[in-house]
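If you want the building blocks of each chain, they are given just below.
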2 protein chains.
Amino acid sequence: MKLRTSLYSALLLSSLLISGCSTVHAPTTAPADSPSVAADPLPSWNDGAAKKSIINFVKVTTDKSDPKFVAPENRIATFDQDGTLWTEHPLYTQGMFALARLVEMAPTHPAWKTTMPFKAILSQDKEAMSKFTEKDWMEIVAVTHTGMSTENFEAIVKDWLSTAKAPRFDRPYTDLIYQPMLEVMQYLRANGYRTYIVTGGGQEFVRAYAEKVYGVPPEQVIGSSIVTTYKEVDGKPALMREPKPFFIDDGPGKAIGINLFIGKRPYAAFGNTAGDAEMLQWTQAGDGARLMMLVHHDDGTREYAYGPGGGLPDTKVGTFSDALMTQAQKNNWTVISMKNDWKKIYPFDK
Amino acid sequence: MKLRTSLYSALLLSSLLISGCSTVHAPTTAPADSPSVAADPLPSWNDGAAKKSIINFVKVTTDKSDPKFVAPENRIATFDQDGTLWTEHPLYTQGMFALARLVEMAPTHPAWKTTMPFKAILSQDKEAMSKFTEKDWMEIVAVTHTGMSTENFEAIVKDWLSTAKAPRFDRPYTDLIYQPMLEVMQYLRANGYRTYIVTGGGQEFVRAYAEKVYGVPPEQVIGSSIVTTYKEVDGKPALMREPKPFFIDDGPGKAIGINLFIGKRPYAAFGNTAGDAEMLQWTQAGDGARLMMLVHHDDGTREYAYGPGGGLPDTKVGTFSDALMTQAQKNNWTVISMKNDWKKIYPFDK
């Protein structure tokens, strides 16, 4: 099934992509002070249709005299994560985590050296990795993401994030968040919106850092999840992570997940791939003002450029297809050009 | 599987219980004004250990100088619904809904007259109903709860609740909520707690009225759910309810559901049966002050009296077992006596 294989395909790509990834010097780290623009809630956005549509949406939905006013309790905005809130190339951060953890765990699993699929990863056998089946990738995710309590998993993720560095920028992965999107989230929250992350990635993976990184608390992170079971461990109850998928929060699953977790239709939704299309459709199908936006990665200098939509190179991570571009135009979804709409990409950019 | 059969067993019981249920005259409807007790946040509670434990819990967890202070974003309280927030006898309200809806749908399903299990219900064949299998009950739930969009289902539930009357009290089911528990919810919310309903009942059933009845918005209702699928219907996206269980929010499922939906451990949890035990255990296993309470239905005059815990009659709806009573004592969970702790049961009581 296509949706379920996305993470595994991504993992597969990693060996191919990482090796081809050039290391660039990170910009000096001191973040530039934002210019004092009290009147501008989106200082990292260039003036243009995208910025205007966000500001107009907030204006009409929070003005009591406007027919499109939305009651505060219904102000819900949903954000995909990978490629929408932070960088997803050369590989989803969670994919990096799985590979790193497998390597880290290998010394206490000597059999992996001679057992596929682990052997291929540990020996960097790209030929063998390119032939991995979904079952192989299920095994990799199972050994790296399951078999521990939810609390232990959270600690493992936090520990890894505190030391791991993204290859191109030589910075923590959590530095590679998009400053303009942080401003949108803050602007919406300042206007009574609750900002939810709705990610195809692992719900408990993202919850481990979402509050610190995005200001989004655990209960506002909806993601893919595995089965957990309730067990007494050393006389205390624990929730154990089992090697069995429970919910795939991608494609139609995003609309389903929003209904399951929130029970309200969003007024604004942000994504960057076909896996976000149903979330945007579901949002748009409501009455009144609705804001649907897609981030287009067209800035190979400051971040990455990939499509194939918009005539950019094809990719298997975060694909923005021609069909999605057509769908966006047909439905009047706003396509954000990272190159033209964003003054800064990352908080650390000057 | 025991948990999955609880609703079906309940449905089964209905035919036996309803017929044996005496009709009493409802009290005159004008609610008595609460006496002016600005200083008492729980006016419908008699003084005693139960009331004291609630007030003390709120005091220590909201006092910044107390070592047991809880930051506002972590103030989570969870409430079972059936038997904890409203009356569950002679049968869960959702069971009543399923039976009523089956009868209502029967004219357009003529084959049901001659097809089991529907035939037994339509002909009030108690002998046949007593032999229903889980598969029979699955069919009943499937035809009454699925095959429509989530929006249509919500409308159906609201419509039924607006006219249906609970047999003994001859009042809308949503009148049969416990005034003392409403006061606890309001008191907790006034002190920064978010109050979640964590029910074995259907999540979308309860969401249809929880905000109006309890002040609990949809995103704070966690319940059992079925699979939904995303479909385009008449050119618009819809979420369709499918005849397939997705998540059973009962027993260990309540702790699992709380982690899945909230990702935070509650500080207070309220229940009334063994199906709530894991929720209370999970709550208690956290640090600091924790409040665990069980409602004991020991007031056959004003509501119902059932156990068998506490030497009351046995029942299959909302059983409070001897084992649960022992567990409560062992773990220092507070058992609320409806008879002794509550001045009023319902808002309409004088």
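The model shown is predicted, which means the values in this text are computed figures rather than measured ones.

### Structural notes on the overall build of chain A
Tallying secondary structure elements over chain A gives 14 helices and seven strands in all. Buried positions account for 57% of the 350 residues belonging to chain A. For chain A, the exposed area adds up to about 14600 Å²; of that, 54% sits on carbon and sulfur atoms.

### Structural notes on the packing of helix α11 (residues 252-261) of chain B against helix α12 (residues 277-284) of chain B
Residues and elements named next belong to chain B. Packing of α11 against α12 brings their axes to within 6 Å, and their N-to-C directions diverge by 50 degrees. Looking at the two axes, α11 sits oblique to α12. The handedness of the crossing between α11 and α12 comes out as right-handed. Between α11 and α12, the contacting residues are P252, K254, A255 and I258 on the first element and E278, M279 and W282 on the second. When its residues are assigned to classes, the contact of α11 with α12 shows five nonpolar, no polar and two charged.

### Quick word on helix α6 (residues 134-145) of chain B
Side chains three or four residues apart in an α-helix point the same way, a direct result of the helix having 3.6 residues per turn. Residue and element names in this part refer to chain B. End to end, α6 covers 16 Å across twelve residues, agreeing with the expected 16 Å (1.5 Å per residue, within 8%). Along α6, the residues classified as buried are D136, W137, I140, V141, T144 and H145. One side of α6 carries all its buried residues, which in axial view fall inside an arc of 140 degrees. G147 sits one or two positions beyond α6 and adopts a positive phi of about 90 degrees.

### Notes on the relation of the copies chain B and chain A
When chain B is fitted onto chain A, the two copies agree to an RMSD of 0.0 Å after a turn of 180 degrees and an axial shift of 0.0 Å. Expressed as a symmetry operation, the mapping of one chain copy onto the other fits a two-fold axis. By C-alpha distance to the rotation axis, the residue of chain B lying nearest is F261 of chain B, at 3.2 Å. Comparing interface residues between copies, 100% of those in chain B also sit at the interface in chain A, which points to an isologous, same-surface contact.

Criteria and cut-off values
Per chain, residue numbering runs from 1 following the sequence as it is written. Numbering of ligands from 1 and lettering of chains from A proceed in the order in which they are written. Reporting of local features is limited, given that this is a predicted model, to residues whose pLDDT is at least 70; pairs of side-chain atoms are given and counted only at 80 or more, and all residues count toward the totals for whole chains, interfaces and linings. With hydrogens and water set aside, each side-chain value is computed from the structure's full complement of heavy atoms. By the criteria applied, helices consist of DSSP H or I runs no shorter than four residues and strands consist of E runs no shorter than two, each listed in order from the N terminus. Per-residue accessibility, obtained with a 1.4 Å probe over protein chains only, is compared with the maximum for each type, and a residue is labelled buried under 20%, exposed over 50%, and partly exposed between these values. Each accessible area is a Shrake-Rupley estimate made with a 1.4 Å probe; only the visible protein chains count as cover when residues are assessed. Whenever a helix is involved, its axis is fitted only over the stretch in contact; in every case the axis is a line through C-alpha atoms, and angles between N-to-C directions fall within 0 to 180 degrees. Each angle is binned into one of four classes, with values under 35 degrees roughly parallel, values over 145 roughly antiparallel, values of 65 to 115 roughly perpendicular, and all other values oblique. Rotating anticlockwise by less than a right angle from the far helix to the near helix defines a left-handed crossing, while the corresponding clockwise rotation defines a right-handed one. When checking whether two residues touch, look at their non-hydrogen atoms; a contact exists if any pair is within 4.5 Å. Each residue is assigned to one class: nonpolar for Ala, Val, Leu, Ile, Met, Phe, Trp, Tyr, Cys and Pro, charged for Asp, Glu, Lys and Arg, and polar for all the others, Gly among them. Helices are assigned an expected span. That span is 1.5 Å times one less than the residue count. Note: the arc covers the axis-to-C-beta directions of the helix. We superpose the copies by least squares over the C-alpha atoms of residues that have a pLDDT of at least 70 in both of them.

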